[in-house]
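# Structural features, examined
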Amino acid sequence: MKTQASPYFPLLKTAAVILPLLPSLWIICRLVAKDFERIKDSSKYNDENDSNNNNNDGIAIATTTTVAASSVGAQLLLFMALGMLGHIGTNRLIPSIQYYMLKRGISGKDLGKKGTTNENNDIPEALGIVPGAIFLICLIFALVGFATNHPAKLLDLNSALLSICFMLFLGFTDDVLEWPWRYKLFLPSVASLPLLCCYEGSRSVVVPIPLRFLLMSEGELTTFGRLLCHIVVVDTNADGSIVNLGILYLVYMGLLAVFCTNAINIFAGINGLEVGQSYIIGCAVLFHNLVEIQSNSLSRENHVFSAMIMMSFLGVTVGLLRHNWFPAAVFVGDTYCYFAGMTFAVVGILGHFSKTLLLFFIPQIINFLYSIPQLFKLIPCPKHRLPKFNAKTEKMEPSTIATTKGRKERVNMTLINLVLQILGPMNEEALCSVLLTFQVICCCLGLYVRYNLATLVFD
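I will try to describe carefully the structure that is included in this document. (Residues numbered from 1 in each chain as written. Predicted model: local features only at pLDDT ≥ 70, side-chain atom pairs only at ≥ 80, totals over all residues. Heavy atoms only, no water.)

## Quick word on the overall build of the chain
Applied cut-off: Secondary structure elements follow DSSP: runs of H or I no shorter than four residues count as helices, runs of E no shorter than two count as strands, and numbering proceeds from the N terminus. Radius of gyration here uses only the C-alpha atoms, and the compact-globule reference equals 2.2 Å multiplied by the residue count raised to the power 0.38. Burial classification: accessible surface area is computed with a 1.4 Å probe over protein chains only, and a residue below 20% of its type maximum counts as buried, one above 50% as exposed, and the rest as partly exposed. Contacts between residues were defined by any pair of non-hydrogen atoms, one from each residue, lying within 4.5 Å. Here the Shrake-Rupley method, with its probe set to 1.4 Å, supplies the accessible areas, and only the displayed protein chains count as covering residues. The charged-residue count follows a simple rule in which Lys and Arg add positive charge and Asp and Glu add negative charge, with His and chain termini not counted at all. Each charge is placed at NZ for Lys, CZ for Arg, CG for Asp and CD for Glu.
Along the backbone of the chain there are 17 helices and 11 strands. By the compact-globule yardstick of 23 Å for 459 residues, the chain fits well, its C-alpha radius of gyration being 25 Å. Counting only C-alpha atoms and orienting by the principal axes, one finds that the chain spans roughly 90 × 65 × 35 Å. Relative to its 459 residues, the chain shows a buried fraction of 48%. Put simply, 75% of the contacts in the chain that link residues at least 6 apart link residues at least 24 apart. Working note: accessible area of the chain is about 22600 Å², and carbon and sulfur atoms make up 65% of it. Side chains of the chain give 33 positive and 30 negative charges; the mean places of these two sets differ by 11 Å.

This is the structure we're talking about:
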């Protein structure tokens, strides 16, 4: 029997989805308005020159070409239209694909519904394949318009497609075959190789002002600075403010890809959380891109590239969120987690803002650090660490794990269980809303640090 998707969000939930996008939509409107003003001024300039001799034709053509090349607003509108088509396609296709998933037995039980009438319902898994595939189609169409105005970025776009496609394939095979964790840690590094091979940005990092005394003092390298020079290059002409990491920077970016793909995967377990957190992070990334585009930063082209990817990603993600929100009609599986994580790694690496990207992953970093004792087997780690459902109270409670004989059971070390310990039991939908609200707060904090506090520790 075909599983029915949950009803569309009520008005308040729809507003909650649109709200994170409003700042980005405002900037896009301003960029489009500037493009219209520029085109209007160009047309006026050309009309005035029509009365002159034909020698001015070259100037008019050059002016028109410059306007066309700088019409970022028009490009963003095109990318936004592709994102909307991606949303419609994802929303329409999921009900059909979930039927085939159930037919093939690619399904599971919702562990958060034990003790209820829905306990034994089969829910189709690995539905992240639908938004992933539609996203790739949108990105291929975006390639046509983007490559026309930014031919130098064509290699970046192809490497992005290759890396995301590889992780989408890995995620789907993981949902079907259940790969061991050692492969899940190794294969994302392989998937990031196309990105690292075409990376042409700087491999240097700026040292925070309070730490520069460790490298140089009175124009001379310190003992620690000289030791560090055996591994990296300290720029003495910049008084130790810049360190060239060389190949270590590529290693860092490879690790970033591994972190992004797995961070979303381990911060999961309740309906809507994986897709919801990805949507909020995507909104923060897009807003950062648009702020940099509007300010005409030196890396403007890179941020246009990132915005192009993010708009298609956000479109398909919202389409999936409708079906994955509580009570979930489909499970997204590792397919979506790996696809989303690699997408963020792609824009962070090729957009040259990998450090800013980590500011949007604060909840995921907290969850990872808090989970280290269990992830590294210092404390017993079960296969599933999601909170348990109390059928009597119809609320989620922290799950526990037995340690050693004679010792009291301890709560599984995840951010989800920690929130339940602090705030008390709550129903699954409320728990997801609290965690996503925390994600929004952290992303806002990350943007504030990037644009306000960064000047306190960097020149």
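Still more ground to cover, so stick around.
## Comments concerning a nonpolar patch on the surface
Note the following rule: Patch definition: residues with relative accessible area over 30% and no salt bridge; like charges joined within 9 Å; nonpolar side chains (Val, Leu, Ile, Met, Phe, Trp, Tyr) joined within 5 Å. Salt bridges are defined as contacts in which a side-chain nitrogen from Lys or Arg sits within 4 Å of a carboxyl oxygen from Asp or Glu.
Judged by side-chain polarity, Val206, Ile242, Leu445, Tyr448, Leu453, Leu456, Val457 and Phe458 come together as a nonpolar surface patch covering roughly 660 Å² of accessible area. Per element, the largest residue contribution to the nonpolar patch is 5 residues, and it comes from helix H17 (residues 428–457). Along the chain, Phe458 turns up in the segment after H17. With a relative accessible area of 31%, Phe458 lands in the partly exposed category.

## Quick look at the sheet that holds strand S3 (residues 204–206)
Keep this limit in mind: Should DSSP find at least two bridges between two strands, the strands are regarded as paired.
With antiparallel pairing, 3 strands are arranged side by side in an open sheet as S3-S7-S6. In the strand order of this sheet, the two ends are held by S3 and strand S6 (233–234), each with one partner. Sheet analysis places S6 next to strand S7 (residues 242–244), joined by 2 bridges and oriented antiparallel. The residue of S7 that forms the bridge with Val234 is Val243.

## A closer look at the packing of helix H5 (residues 129–149) against helix H12 (residues 300–324)
Stated precisely, the cut-off is as follows: Orientation is described by axes fitted as lines to C-alpha atoms, over the contacting stretch for helices, and by angles from 0 to 180 degrees between their N-to-C directions. Roughly parallel means an angle under 35 degrees; roughly antiparallel, over 145; roughly perpendicular, 65 to 115; everything else is oblique. Crossing handedness follows the turn of the near helix against the far one: under a right angle anticlockwise gives a left-handed crossing, and clockwise gives a right-handed one. For this scheme, ten residues count as nonpolar: Ala, Val, Leu, Ile, Met, Phe, Trp, Tyr, Cys and Pro. Four count as charged, namely Asp, Glu, Lys and Arg, and the remainder, Gly too, count as polar.
Where H5 meets H12, the axes come as close as 9 Å, and the angle between the chain directions of the two elements is 150°. In this view, H5 runs roughly antiparallel relative to H12, as classed from their interaxial angle. The element H5 and its partner H12 pack so that their crossing is right-handed. On H12, the residues that touch Pro131, Ile134, Phe135, Cys138, Leu139, Ala142 and Phe146 of H5 are Glu301, Val304, Phe305, Met308, Ile309, Ser312, Phe313, Val316 and Leu320. Taken together, the residues that form the contact of H5 with H12 break down as 14 nonpolar, 1 polar and 1 charged.

## Observations concerning the pattern of salt bridges
Pairing between side chains of opposite charge can happen when their charged atoms approach one another. Taken as a whole and judged by the stated rule, the model has 6 salt bridges. Salt-bridge contacts for Lys113 lead to Glu428; the nearest nitrogen and oxygen are separated by 3.1 Å. Remark: Glu428 occurs in helix H17 and Lys113 occurs in the loop between strand S1 (107–108) and strand S2 (123–124); sequence separation between them is 315 residues. A relative accessible area of 9% means that Lys113 is categorised as buried. Looking at Glu428, the relative accessible area reads 4%, which means it is buried.

## A short note on H12
Applied cut-off: Residue count minus one, scaled by 1.5 Å, sets the expected span of a helix.
In a regular helix each residue adds 1.5 Å, so 25 residues correspond to 36 Å; H12 covers 35 Å between its end C-alpha atoms and thus fits that length. Counting buried positions over the 25 residues of H12 gives 22, a clear majority of the element.

## A few points about the side chain of Glu397
Worth spelling out the cut-off: Polar contacts, as counted here, are pairs of nitrogen or oxygen atoms within 3.5 Å of one another; within protein the pair requires one atom able to donate a hydrogen and one able to accept it, and residues that are adjacent in sequence qualify only if both atoms are side-chain atoms.
Here Glu397 shows up in strand S9 (residues 395–397). One buried charge, Glu397, has no salt-bridge partner; the nearest side chain with opposite charge is Lys388, at 4.5 Å. A polar contact is formed between the side chain of Glu397 and the side chain of Asn390, at a distance of 2.9 Å. Apart from residues no more than four positions distant in its own chain, Glu397 is found in contact with Pro387, Lys388, Asn390, Asn417, Leu420 and Pro425.

## Structural notes on unusual backbone geometry
For the bond from Phe326 to Pro327, the omega torsion is -10°, close enough to zero to count as cis. Here Pro327 shows up in the loop between H12 and helix H13 (333–350). Its identity is not glycine, yet Asn296 carries a phi of approximately 55°, on the positive side. Take Asn296: it is sitting in the loop between helix H11 (273–294) and H12. Residue Glu394 is not a glycine yet carries a positive backbone phi of 60°. Mapping Glu394 onto the fold places it in the loop between strand S8 (388–390) and S9.

## Describing the packing of aromatic side chains
Quick reminder of the rule: Stacked, tilted and edge-to-face are the three classes assigned to paired rings of Phe, Tyr and Trp, where Trp is represented by its six-membered ring and a pair needs centres within 6.5 Å; plane angles under 30 degrees give stacked, over 60 edge-to-face, the rest tilted.
Considering all chains together, one arrives at 14 aromatic pairs under this definition. With a centroid separation of 5.8 Å and 55° between ring planes, the pair formed by Phe146 and Phe305 is classed as tilted. Placement of the pair is Phe146 in helix H5 and Phe305 in helix H12, with a sequence separation of 159 residues. With a centroid separation of 5.8 Å and 85° between ring planes, the pair formed by Phe344 and Phe361 is classed as edge-to-face. Separated by 17 residues along the polypeptide, Phe344 in helix H13 and Phe361 in the loop between helix H14 (354–359) and helix H15 (362–375) bring together distant segments of the chain. We classify Phe344 as buried; its relative accessible area is 0%. Among the residues examined, Phe361 registers a relative accessible area of 0% and is labelled buried.

## Description of the packing of H5 against H13
Across the interface, H5 lies against H13 with an axial gap of 8 Å and an inter-helix angle of 35°. Two secondary-structure elements touch here, H5 through Ile129, Pro131, Gly132 and Phe135 and H13 through Thr335, Tyr336, Phe339 and Thr343. Among the residues making up the contact of H5 with H13, the classes are represented as 5 nonpolar, 3 polar and no charged.

## Digging into the side chain of Ser24
Relative to the helices and strands, Ser24 is located in helix H2 (residues 22–49). Of the residues examined, Ser24 reaches a relative accessible area of 1% and is grouped as buried. The contacts of Ser24, once residues within four sequence positions are left out, are Cys283, Leu286, Phe287 and Leu290.

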